[in-house]
Amino acid sequence: MHPIRLISKLAPKAINYHSAGRGSAIDVIDWRTAAHALSGLSQEASDWAWYRFAGQDDKLPRVVRALTMYVTLFIKIRHFKIKPETLTGIINVSILEFTQPLCRTCSGEGSEPITKTVCKPCCGTGRQGISRRQRCSVIGIDHKNYTKNHDEVSKEILRLLSAWERDIFMNVRKKMGEIS
Ligand SMILES: [Zn+2]
């Protein structure tokens, strides 16, 4: 299968905050094709790929563990004080944020279609946003207690997820023979 076709079949799961609407399209591609396209990835990127693109929800605890490990180090370096249960909440909400459907205004580009300035509805993230109240209810803290440090940690998690996703797409293209 052509890599672009494979990637389009590996439909990312969008998790809706308000309903349980989640979708995955792995059943329309050959499992061996998917396994081949994902082989050679780092363990964490591979776990993320199976969770996000192949509907393997049982990979989520491994993803959370890997993110916890990386972000604990990040928190230590920055001398942040964040409780372990709050950190788990931030990881959960960051995954939720990362897997939101694309922004309707910019279709995921992050910039206004005509003016090319930063898209206002999504603030350039390319995804439909989660409000601060929703965010805090997922984390399990009062919205008044949400700080800049929490936000920094969340951004670091989103950065890690983006990096994994870049690796996944590179790997799929490589394995499917588009680039050597
Ligand atoms: Zn947008």
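First, a word on scope: everything that follows refers to the structure included in this document. Owing to the predicted nature of the structure, the values given are computational and were not obtained by experimental measurement. (Residues numbered from 1 in each chain as written. Predicted model: local features only at pLDDT ≥ 70, side-chain atom pairs only at ≥ 80, totals over all residues. Heavy atoms only, no water.)

**So, helix α7 (residues 148-175)**
One turn of the α-helix equals 3.6 residues, which is why residues spaced by three or four share an orientation.
Here's step 1: With 28 residues, α7 should reach 40 Å at 1.5 Å per residue; the first-to-last C-alpha distance of 40 Å fits that figure.
Here's step 2: Of the residues that open α7, the one with a side-chain oxygen 3.3 Å from the backbone nitrogen of N149 is T147.
Here's step 3: One or two residues past the end of α7 sits G177, with phi positive at roughly 80°. (Helix = DSSP H or I, 4+ residues; strand = E, 2+ residues; numbered from the N terminus. Expected span 1.5 Å × (residues − 1). Polar contact = N/O pair within 3.5 Å; in protein donor to acceptor, adjacent residues only side chain to side chain.)

**Notes on the pattern of salt bridges**
Here's step 1: This structure, assessed with the given rule, holds seven salt bridges.
Here's step 2: Across the pair D47 and R62 runs a salt bridge whose closest N-O atoms are separated by 2.9 Å. Placement of D47 in helix α3 (residues 43-54) and of R62 in helix α4 (residues 60-77) is noted, with a sequence separation of 15 residues between them.
Here's step 3: R62 gets classed as partly exposed once you look at its relative accessible area, which sits at 34%. (Salt bridge = Lys/Arg side-chain N within 4 Å of Asp/Glu carboxyl O. Buried < 20%, exposed > 50% of the residue type's maximum accessible area, 1.4 Å probe, protein only.)

**With respect to the packing of α3 against α7**
Here's step 1: Between α3 and α7, the least distance of the axes is 9 Å, while the angle of their chain directions is 85°. The angle between α3 and α7 falls in the class roughly perpendicular. Here E44, A45, W48, A49, R52 and F53 of α3 come into contact with α7, specifically with L161, W164, E165, I168 and F169.
Here's step 2: Residue classes in the contact of α3 with α7 are distributed as eight nonpolar, no polar and three charged. (Axes fitted to C-alpha atoms, helices over the stretch in contact; angles between N-to-C directions. Parallel < 35°, antiparallel > 145°, perpendicular 65-115°, else oblique. Contact = heavy atoms within 4.5 Å. Nonpolar A, V, L, I, M, F, W, Y, C, P; charged D, E, K, R; others polar.)

**Side note on the environment of R173**
Here's step 1: Considering the arrangement of structural elements, one finds R173 in helix α7.
Here's step 2: Judged by relative accessible area, R173 falls into the partly exposed class, the value being 28%.
Here's step 3: Placed 167 residues apart in sequence, R173 and L6 show a C-alpha to C-alpha distance of 9.2 Å.

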